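Coordinate analysis (summary)
What follows is the residue order along each chain.
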Amino acid sequence: MGKPAGVQIRRWFFFLVALLVATNGGVLVGSWMVERSVTDAVERARPVVEVTGEIRAEILAAQREMFRYLAEFADDVTPALQHLDRLSEQVARARALPGARAMEADLDAMDTDVRRYRKVLELLPETTGGTRDWARIQEYGATAVRLGAEVGRRAEKIASEALSTIRRQGKAAVRVARWARWAAVGTLGVSLITVFALARWWRRFQDLILGL
């Protein structure tokens, strides 16, 4: 024998209220997860992109100053060395960022290339004193260009990986949002069924009252 209509209505009513609360809670949690996922990714990646941009700017400036010296537009290699000093500071800054362990190998290689670049710059004045040793100048210049390009390439790689992290987190956030949307649609469907059930039991309850 079925339960009285009033009991059924009360049960379905509480079920509907719980369903609506669960839906709202699920939407809030999903929204929070999406926001946190994207925000965390951006907060981690933004400093990496900034510091690698500074590294690329400093290595290009060092290259420019080296060529100015070789073209005899500068008296010494001090300006180029100063750019390398600032570049080393940016590499140290990158090491202090959250998630630096993932780019440790590239930063170590970058440090090595910068030290070798500095050594090349320090040797250049020896080739330009008195009669210029053009063969040695060409060799040192080519080495410096190669090392500078390698530093720039590694900085670009680190920045690209940081941006890839943002894209991955964005895709994950989209998946969470899609899941939350379909959950909300499913809950809406169940809510409608519950409302129809409540209407049915309410009619039965009215018939029972009127029949007394």
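Residues numbered from 1 in each chain as written. Predicted model: local features only at pLDDT ≥ 70, side-chain atom pairs only at ≥ 80, totals over all residues. Heavy atoms only, no water.

Across its full length, the chain holds four helices and zero strands. Along its sequence from the N terminus, the chain presents helices and strands in the succession α-α-α-α. Classification of the 212 residues of the chain by burial places 33% in the buried group. Taking the contacts inside the chain whose residues are at least 6 apart along the sequence as the reference set, 80% of them involve residues at least 24 apart. Looking at the chain as shown, the accessible area adds up to about 13,300 Å², and 61% of this sits on carbon and sulfur atoms. (Helix = DSSP H or I, 4+ residues; strand = E, 2+ residues; numbered from the N terminus. Buried < 20%, exposed > 50% of the residue type's maximum accessible area, 1.4 Å probe, protein only. Contact = heavy atoms within 4.5 Å. Areas by Shrake-Rupley, 256 points an atom, 1.4 Å probe, with all protein chains shown as cover.)

With that settled, consider a positive patch on the surface. Taken together, the side chains of Arg167, Arg168, Lys171, Arg175 and Arg178 present a region of like positive charge at the surface. Tracing the chain through its elements places Arg167 in helix H4 (residues 134-211). (Patch = residues over 30% accessible without salt bridge, like charges linked within 9 Å, V, L, I, M, F, W, Y side chains within 5 Å. Salt bridge = Lys/Arg side-chain N within 4 Å of Asp/Glu carboxyl O. Lys, Arg positive; Asp, Glu negative; His and termini not counted. Charge placed at Lys NZ, Arg CZ, Asp CG, Glu CD.)

With that settled, consider the nonpolar core. Judged by nonpolar contacts, the single largest core of 35 residues is most densely connected at Leu84, Leu87, Met103, Tyr117 and Leu121. Every element with two or more residues in this core is listed here: helix H1 (5-70), helix H2 (78-95), helix H3 (104-128) and H4. When residues in this core are grouped by element, the largest group, nine residues, is from H1. (Core = buried A, V, L, I, M, F, W, Y, C linked by side-chain atoms within 4.5 Å.)

A separate point is the environment of Val49. Within the secondary structure, Val49 is located in helix H1. A relative accessible area of 30% means that Val49 is categorised as partly exposed. The sequence separation of Val49 and Ser160 amounts to 111 residues, and the corresponding C-alpha distance is 8.2 Å. With residues up to four places along the chain from it excluded, the contact list for Val49 reads Ala159, Ala162 and Leu163.

Glancing now at the pattern of salt bridges. Applying the stated criterion to the full structure yields twelve salt bridges. Residue Arg95 pairs with Asp108 through a salt bridge whose shortest N-O separation is 2.7 Å. Of this pair, Arg95 sits in helix H2 while Asp108 sits in helix H3; the two residues are 13 residues apart in sequence, bridging distant segments of the chain.

Let's shift gears to the environment of Ala102. When you line up the elements, Ala102 lands in the loop between H2 and H3. What makes Ala102 exposed here is its relative accessible area of 73%. Considering only alpha carbons, one finds Ala102 and Glu161, 59 residues apart in sequence, at a separation of 9.7 Å.

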